[in-house]
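# Structural overview for review
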Amino acid sequence: MMILFLLYPFLGHGENGDKIIVDDKGMPLPQAVVQVDNYPPIVAGPSGEVQMTKLNTGDSVIVFALGHESKHYSWEEWLNAEVIVLKEKEGELNEVVVSATRTDRTVEDLPMPVTVIGNKAIQETGAVRLSEVLSEQTGLQIVSNHGTGLQMQGLDTDYILVLLDGEPLIGRTAGTFDLNRISVSNIEKIEILKGPASAIYGSEAMAGVVNIITKSGGHGKKIDLGLRQRSLNTWNPYLEFGIRKSNWNIDILYDYYKTDGYDLSPEVTGNTQNPYQSHSGQVKLGTKLGEGLSFNLFLRGYTEKATGVLEVVENSGTELLDATDQRDEININPTLRYKPNNNWLFTLRNMSSVFSTSSVSKYQKEGTVFDIQDFQQFYQRTELQTDYQLDKKQLISLGLGFSGESVEATRYDEKNHFKATYFYLQHQWDPTDKVNIVTGARGDFHSVYGSRLSPKLSGQYRFSDKFSWQLSIGSGFKAPDFRQLLLNFNNASAGYYVFGAKLAKDGLGDLVAKGLVAQRLILPENLGELQAEHSWAINTGFRWKPVESLLIKGNLYRNALQNMIETAPIAQLVSGQNAFSYFNISRVVTQGLDLDFTYKYNDNLSISTGYAFLDTRDLDVMDQIEGGEMYKKDANNQTVRVSKADYGGLFNRSKHSGNLKVNYLENRTGINWALRLIYRGQFGFSDLNGNLILDDVAEYAPGWYTLNLTSTKTFNNGIFLEAGVNNLLDKTSITQPNMPGRLLFVGIKIPLLNL
């Protein structure tokens, strides 16, 4: 409320007695609804404004918005009110989610497993990059197999769609979107949809969707200056600027990040994480063009430069190389929306993205070039979505789109082009107050891999206001893309290599010749030809709130894939990093359980805990084991049959993981303390006996746990302070390259206009 009063001079009172509807933080509530008596309701504008000329006179007024408590006024009270403040409802079930259905719905109305991480929870992590936030969530694993990637329901980042304000982000290496490219500086919330979403998003959403929603400024003006500093000489200054008027708004972010990196293998030349610096900028522009017509423009730019040292062995002896790695990204996303009445909404989206990398290594002595690798990807998509409110209980969405993609890289014989058209159809139906049903299907027509239809059915039944059950079934399709076939990539900042299946043999041979390989893990000739993937998935779970202070969520899932494309290390490098490539696993199942408990003891103390169980298996391997056809070498180098008890499932998957979080607000000082314990069980790391499966205790990396502590305080004038330590117990492991050890940090954010 203090922020609202500080911003009040900028709010104004509107013209002709017009009202403005905001939340308790002073943020406008577009699409809030005002109803006078029994007259048709009026929807607020994009800045939360309500024009009095559109309202009928009456005796009583009710104002409500999704996720907020309603307010009732007499007509006289309504006339005297200038700014309408709606208090946000507490609890994740009231969060509004877009990613699950591409339309606004609260979590409690969604028949599928959804998690929402709000801005407060993000602040409590002390994170500066997206990976640090996601690493503390139940059922998600941060993996370092080719950068900082994400794993959900036992499926890699290839099957997880990452969205920024609803639009997909490109620039993947080996299918992995590097989460460290995204700063948390201006993230308002993160939506995590688990389970298949291919029916509306396509093949990259077979495991789920992560949608990052960035902040939009409150009414009036905003200038926030922030700085974070942490161990490893890491600095992260940032600036947020926003202006919001009745018919237009603009939000700007600039973020700078610098770190000296770290080394988990000091006995060899080169760092585990090389020093690098990055700049990112973002602009969000919105304007109201006319009655029911609005235009939004999203611009984002990112550039990163890393430097490091490599050691190679040549005929003349050992040579040191200076390596530089450059990554650049540009996103331009205009959106036009037209709502002629309360029943129809037309949304025209366009997305254009360019992602490029350049890696150069030079001899330290002579300064001559040792190797150059360039990569450039261009992606363009145009889509029209039509939403029709058939009646109060039914919403139909139809989407038609076209996308084009081109890739050009060093050692590619020619420029590669992909084109695709698609459609999706979705029906949301609430036949009763207890039942929600969402059905949908998507058809993809690819210029190289043909066509595929991906259906989905989701349903929810509310047994009571406290307990509901959800069920979701969906199908997906994914073909090998240019990365999995032809990629030849070296990230100098992290020190890893990735080779497409067709280039793995030559790429590994080149690394061996340069003296960069410490150990071969998989022979490239055993990888085989990549085939397209098909999948069916089921998710079923519950949300239970036995008392107001306790929320329990559970979700069971099973993903059945054919010809799953797996990424795995084919060699361990002398630096401690790895070289990776791809191969098919004919029939794969990932299945498991996610459980979350959240208990609010009082206004000061809350406790939450989560547990995830994951079981993975290659069904063809299981058949071979049962038939006595799978062998391995024992400790005495004797050939023996592999038993079911020996088989550990897919590589780089932990069977058990979990978290425990305690939040405490100390009243006297106003400091909020957040203590988090994160656990990951042992996981298969490498195939040491050459039979391509996980079947020996020596092939596992040990499990680990980390303890993180954050303290935060927000002053009445909006100044925000934070301090803490991540990885308090200083855990490190060469098998977990993204865990550098204990990190101390401090931070400050100053709202300049509040001073």
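Residues numbered from 1 in each chain as written. Predicted model: local features only at pLDDT ≥ 70, side-chain atom pairs only at ≥ 80, totals over all residues. Heavy atoms only, no water.

## Observations regarding the overall build of the chain
Of regular secondary structure, the chain possesses 8 helices and 47 strands. Put simply, the chain has 755 residues, and 55% of those count as buried. Intrachain contacts of the chain at a sequence separation of at least 6 include 61% that bridge at least 24 residues. When the accessible surface of the chain is split by element, carbon and sulfur atoms take 56% of a total near 31,400 Å². (Helix = DSSP H or I, 4+ residues; strand = E, 2+ residues; numbered from the N terminus. Buried < 20%, exposed > 50% of the residue type's maximum accessible area, 1.4 Å probe, protein only. Contact = heavy atoms within 4.5 Å. Areas by Shrake-Rupley, 256 points an atom, 1.4 Å probe, with all protein chains shown as cover.)

## Section: the sheet that holds strand β18 (residues 208-214)
Sheet architecture is open: 5 strands sit in the order β10-β17-β18-β13-β14, paired in mixed fashion. Since the sheet does not close on itself, it has two edges, and those belong to β10 (114-118) and β14 (167-168), each with one partner. The pairing of strand β13 (residues 160-164) with β18 spans 5 bridges and is classified as parallel. Bridge assignment links Leu161 to a residue of β18, and that residue is Val209. (Pairing = 2+ DSSP bridges.)

## Some words on unusual backbone geometry
Within the chain, Asp165 stands out as a residue other than glycine whose phi angle is a positive 55 degrees. Owing to a relative accessible area of 24%, Asp165 belongs among the partly exposed residues under this scheme. Unusually for a residue other than glycine, Asn637 sits at a positive phi of about 65 degrees. Counting through the fold element by element, Asn637 comes out in the loop between β39 (631-633) and β40 (639-641).

## Some thoughts on the sheet that holds strand β4 (residues 49-50)
Ordered by their spatial adjacency, 3 strands build an open sheet running β4-β1-β7, and the pairing between neighbours is mixed. The sheet terminates laterally at β4 and β7 (83-86), the two strands that pair on one side only. With 2 bridges joining them, strand β1 (residues 19-23) and β4 adopt antiparallel strand pairing. Bridging across to β4, Ile20 finds its partner in Glu49.

## Topic: the environment of Leu595
Position of Leu595 among the secondary structure elements: in strand β37 (residues 578-600). Residues Leu595 and Gly554 lie 41 residues apart in sequence; the distance between their C-alpha atoms is 4.5 Å. Each residue touching Leu595, except ones within four places of it in the same chain, is listed here: Thr138, Phe542, Lys553, Gly554, Thr609, Gly610 and Tyr611.

## Brief notes about the pairing of strand β12 (residues 149-152)
Side chains Gly149 and Gln151 of β12 all project onto a buried face; the interleaved residues Leu150 and Met152 project onto the opposite face, where all are buried too. Bridge count between strand β11 (residues 140-143) and β12: 4 bridges; the pairing is antiparallel. Bridge assignment links Gln141 to a residue of β12, and that residue is Gln151.

## Quick word on the pattern of salt bridges
The final tally for this structure, using the stated rule, is 28 salt bridges. Note that Glu329 is salt-bridged to Arg300, the shortest N-O span being 3.0 Å. One end of the pair, Glu329, is in strand β24 (residues 317-338); the other, Arg300, is in strand β23 (residues 293-314), with 29 residues separating them in the sequence. The pair formed by Glu329 and Arg300 is uniform in burial state, with each residue classed as buried. Linked by salt bridges that have partners in common, Glu167, Arg349, Arg381 and Glu383 make up one network. (Salt bridge = Lys/Arg side-chain N within 4 Å of Asp/Glu carboxyl O.)

## What about the nonpolar core?
If you look at the biggest cluster of nonpolar residues, it comprises 77 residues, and the most contacted ones within it are Leu134 and Ile190. Element by element, the count of residues in this core is highest for strand β36 (residues 550-573), at 7 residues. Aside from chain neighbours lying at most four places away, what touches Ile190 is Thr115, Val116, Ile117, Ile122, Leu130, Val133, Leu134, Val210 and Asn211. Membership of the second largest hydrophobic core comes to 19 residues, among which are Ile21, Leu29, Val34 and Ile42. (Core = buried A, V, L, I, M, F, W, Y, C linked by side-chain atoms within 4.5 Å.)

## What about the confidence of the model for the chain?
Counting all residues, the mean pLDDT for the chain is 85, and 90% of those residues have values of 70 or more. Predicted confidence is poor over residues 1-16, with pLDDT under 50, and the contacts of this stretch with residues over four places away or in other chains come to 26 contacts. (pLDDT = per-residue confidence, 0-100.)

## Topic: the pairing of β23
Pairing between strand β22 (residues 276-290) and β23: 14 bridges, direction antiparallel. Residue pairing across strands places His279 opposite Thr303, the latter belonging to β23. Where β23 and β24 come together, 22 bridges link them in antiparallel fashion. Looking at β24, one finds that Gly301 is bridged to Ile330. Remark: 2 residues form the turn of the hairpin made by β23 and β24, two consecutive strands paired antiparallel.

## Thoughts on the packing of aromatic side chains
By the definition in use, this model includes 15 aromatic pairs. Between Tyr461 and Phe463, the ring centres sit 4.8 Å apart and the planes meet at 85 degrees, which makes this aromatic pair edge-to-face. For Tyr461, a relative accessible area of 36% translates into the label partly exposed. Residue classification places Phe463 among the exposed positions, given a relative accessible area of 51%. Above the plane of the ring of Tyr422 lies Arg442, whose end atom (NZ or CZ) is 4.1 Å from the centre. (Phe/Tyr/Trp six-rings, centres within 6.5 Å; stacked < 30°, edge-to-face > 60°. Lys NZ or Arg CZ within 6 Å of the ring centre and 35° of its normal.)

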